[in-house]
Amino acid sequence: MATTDRQSATLALAHALSAAERGLPVIPLSPSKLPALRSPHRGEAEPVLCRGECGLPGHGVHDATTDPAGVRALFAAAPWATGYGIACGRPPHHLIGIDLDTKSSADSVAALQDLALRHLFTIPETVTVLTPSGGRHLWLTGPPDIVVPNSASRLAPGIDVRGAGGYLVGPGSVSAHGAYRLAPGSAELSPAPCPRALLRLVTPPARPHHPTQAGPARPAQGNGLVQFVLAAHEGQRNTRLFWAACRAYENGFGDELADALTEAAVHAGLTEREARATIASAERLTSGRRY
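Owing to the predicted nature of the structure, the values given are computational and were not obtained by experimental measurement.

J.: Got a minute to help me understand the pattern of salt bridges in this structure?
T.: Throughout the structure, instances matching the rule amount to five salt bridges. Between Asp 160 and Arg 162 there is a salt bridge; the shortest N-O distance is 3.9 Å. What makes Asp 160 buried here is its relative accessible area of 12%. A salt bridge links Arg 276 to Glu 272, with the shortest nitrogen-to-oxygen separation between them at 3.5 Å. In this pair, Arg 276 and Glu 272 both sit in helix α8 (residues 272–287), four residues apart, roughly one turn of the helix.

Okay, structure coming up:
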């Protein structure tokens, strides 16, 4: 490993440990900004539903920890890591990342200001990380009972949201394109609470529940997907629900199965809001595949 790479790796671990001390769960990242550790399940038949229950590292954001010994172990297993990721949506901060990108032709900063004007909220002073491309990440905190999904350009072109299951590249990280650093004046700030109006924009609305009415029979495959979710153990619930919802939408009966999948997920241990958010994420992911 070159001297500069060793220095970046050493600094990345130091910054990650500092973040972990502040209650931010972290994982090592490679210079590509992807999780540095490969999955121990590569080569296995899909779907792979393990999110770390096997006890081995390599499960991406599910490896994230605030335990100093755990952080050191992850970085020791990935000595090539030059950065670290901070898991969003996790206690105690329940971080929400607003990623203002500059790679598109749209002015994402102006787009966020326009959203603030139209929906009557103020963009708070908060931790802001400057990216090598000239973009910025705003760190906000959310309520513990609300699951914010990840999204790309759903709010406006160039504005991505990092929520549950996502991560932000931490300041002090070095990628193949340069360093991530705190914006001037950010070092003394804590993540600000997400304005309620903005929180409503980044959280999918709950689908209205309609009493069961006579209509087309649910496909047999739908019954199998519901049973698949019902059989989920702790640590598998969101993954199983997301996979089942994706299959339902890909096969054209996602809307018809959404309530049954929600009920199954609640029975397995998720809240209804968590289940609805996961199903909404599956619908958005698969929407481009069905046409």
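J.: When you look at the pairing of strand β2 (residues 83–87) in this model, what are you seeing that I'm missing?
T.: Put simply, side chains in a regular strand alternate between the two faces of the sheet. Counting buried positions along β2 gives five out of five residues, so the element sits mostly inside the fold. Examined bridge by bridge, β2 and strand β8 (residues 167–169) share three bridges and lie antiparallel to one another. Note that in β8 the partner of Ala 87 across the bridge is Tyr 167.

J.: How should the nonpolar core be read in this particular structure?
T.: Formed by 31 residues in total, the largest nonpolar core has its most connected members in Val 26, Val 71, Phe 75, Tyr 84, Ile 86, Leu 95 and Trp 139. Leaving out residues up to four positions away in the same chain, Ile 86 has contacts with Leu 24, Pro 25, Val 26, Leu 95, Trp 139, Gly 166, Tyr 167, Leu 168 and Gly 170. Listed in part, the 23 residues of the second largest apolar core include Leu 138, Ile 159, Val 161 and Leu 201.

J.: Teacher, can you tell me more about the environment of Ala 73 here?
T.: Counting through the fold element by element, Ala 73 comes out in helix α2 (residues 68–77). Take Ala 73: its relative accessible area is 47%, and that puts it in the partly exposed class. Considering only alpha carbons, one finds Ala 73 and Pro 57, 16 residues apart in sequence, at a separation of 9.4 Å.

J.: Sorry, what's going on with the environment of Pro 132 here?
T.: Following the sequence through the fold, Pro 132 ends up in the loop between β4 (128–130) and β5 (136–141). What makes Pro 132 partly exposed here is its relative accessible area of 31%. When the C-alpha atoms of Pro 132 and Arg 181 are compared, they prove to be 8.6 Å apart, with 49 residues separating the residues in sequence. Discounting residues that sit within four places of it in the chain, Pro 132 has contacts with Ser 175, His 177, Gly 178, Ala 179 and Tyr 180.

Conventions and cut-offs
In this convention, every chain numbers its residues from 1, walking through the sequence in written order. pLDDT decides what is reported in this predicted model: residues at 70 or higher carry local features, side-chain atom pairs at 80 or more are listed and counted, and totals for whole chains, interfaces and linings draw on all residues regardless. Water and hydrogen atoms were dropped before computing side-chain values, which therefore reflect all heavy atoms in the structure. For this document, the term salt bridge refers to a Lys or Arg side-chain nitrogen within 4 Å of an Asp or Glu carboxyl oxygen. Exposed residues in this analysis have more than 50% of their type's maximum accessible area, buried residues have under 20%, and partly exposed residues fall in between, with area computed by a 1.4 Å probe over protein chains only. Every helix listed is a DSSP run of H or I at least four residues long, and every strand listed is a run of E at least two residues long, numbered separately from the N terminus. Two strands make a pair as long as DSSP finds a minimum of two bridges between them. Only buried residues count toward a nonpolar core. Its members are Ala, Val, Leu, Ile, Met, Phe, Trp, Tyr and Cys residues joined through side-chain atoms within 4.5 Å. By definition, residues are in contact when any of their heavy atoms lie within 4.5 Å.

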